[in-house]
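Structural overview for review
One letter stands for each residue in the lines below.
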Amino acid sequence: MKTSFDQIIRWMKEICEEKPGTFSSCFLGDVMNYLDLEDADEKSLEELCGEKFSSLVVCNTKEEVRAWLENVTSFIVMRIDEQAIIDNYFNN
């Protein structure tokens, strides 16, 4: 049985609101804001996540959603660091 998109979003919100237990989970709130989960709909998340979205819609458990969210968190944090390095290089 396929999990509803609304259930997936509820799991994502729950995960983002948990107390951080690992380094990557310290950024889940930022990712929640970046993905605009308060007003999430399937189309907007698909636009935000690109190809990663297809792996979200097949999640059937909260743990699968957690793994997906940690993957997206790592990707966003890595991209933020890259941009900061590039900005610092050109600003000096």
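Residues numbered from 1 in each chain as written. Predicted model: local features only at pLDDT ≥ 70, side-chain atom pairs only at ≥ 80, totals over all residues. Heavy atoms only, no water.

**Describing the pattern of salt bridges**
Note the following rule: Any carboxyl oxygen of Asp or Glu that lies within 4 Å of a side-chain nitrogen of Lys or Arg is treated as forming a salt bridge with it. A run of H or I in DSSP counts as a helix once it spans at least four residues, and a run of E counts as a strand once it spans at least two, with each numbered from the N terminus.
Taken as a whole and judged by the stated rule, the model has five salt bridges. The partner of lysine 62 in a salt bridge is glutamate 14, with the nearest N and O atoms 2.8 Å apart. Residue lysine 62 is located in helix α5 (residues 62-91), and its partner glutamate 14 is located in helix α1 (residues 5-17); the two are separated by 48 residues in the primary sequence. The closest approach of N and O atoms between glutamate 18 and arginine 66, which form a salt bridge, is 3.0 Å. Note that glutamate 18 is positioned in the loop between α1 and α2 (28-35) and arginine 66 in helix α5, a separation of 48 residues in sequence. Members of the salt-bridge network, linked through shared partners, are Glu14, Glu18, Lys62, Glu63 and Arg66.

**Some points on helix α3 (residues 42-49)**
Let me state the cut-off plainly: Residues adjacent in sequence count toward polar contacts only when both atoms are side-chain atoms; beyond that, a polar contact is any pair of N or O atoms within 3.5 Å, and within protein one must be able to donate a hydrogen and the other to accept it.
For α3, the capping residue at the N-terminal end is aspartate 41, with a side-chain oxygen 3.2 Å from the backbone nitrogen of lysine 43. Phi turns positive one or two residues past the end of α3, at glycine 50, with a value near 60 degrees.

**A short note on the environment of serine 25**
What counts, and what does not: Whether a residue is buried, partly exposed or exposed follows from its accessible area with a 1.4 Å probe, protein chains only, as a fraction of its type maximum: under 20%, in between, or over 50%, in that order.
Along the chain, serine 25 turns up in the loop between α1 and α2. Residue serine 25 is classed as buried on the basis of its relative accessible area, which comes to 11%. Residues serine 25 and serine 74 lie 49 residues apart in sequence; the distance between their C-alpha atoms is 9.3 Å. At 2.9 Å, the side chain of serine 25 forms a polar contact with the backbone nitrogen of glycine 21.

**Some details on the nonpolar core**
This is how the line gets drawn: Take the buried residues of types Ala, Val, Leu, Ile, Met, Phe, Trp, Tyr and Cys, join any two whose side-chain atoms come within 4.5 Å, and each joined set is a nonpolar core.
Formed by 23 residues in total, the largest nonpolar core has its most connected members in Met12, Leu35, Leu37, Leu45, Leu56, Trp68 and Leu69. For this core, the secondary-structure elements that each account for two or more residues are α1, α2, α3, α4 (53-56) and α5.

**Some points on unusual backbone geometry**
At aspartate 36, a position not held by glycine, the phi torsion is positive, near 55 degrees. On the secondary structure map, aspartate 36 appears in the loop between α2 and α3.

**Things to note about the state of the cysteines**
Which entries qualify depends on this criterion: Counting rule for disulfides: a pair of cysteine sulfur atoms within 2.5 Å.
In the structure shown here, the tally under the stated rule is zero disulfides. Lacking any disulfide linkage, cysteine 16 is separated from the closest cysteine sulfur, that of cysteine 49, by 11 Å. Given a relative accessible area of 11%, cysteine 16 falls into the buried group. Cysteine cysteine 59 is unpaired, with the sulfur of cysteine 49 as its nearest cysteine sulfur at 11 Å.

**Brief notes about the packing of aromatic side chains**
The cut-off we apply is this: We call Phe, Tyr and Trp rings a pair once their centres come within 6.5 Å, taking the six-membered ring for Trp, and we label the pair stacked below 30 degrees between planes, edge-to-face above 60, and tilted otherwise.
A full pass over the atoms with the stated rule returns one aromatic pair. Here phenylalanine 5 and phenylalanine 53 contribute two aromatic rings whose centre-to-centre distance is 6.1 Å and whose plane-to-plane angle is 55 degrees, an arrangement assigned as tilted. Highlighted residues: phenylalanine 5 in helix α1 and phenylalanine 53 in helix α4, separated in sequence by 48 residues. Under the relative-accessibility criterion, phenylalanine 53 is labelled buried at 6%.

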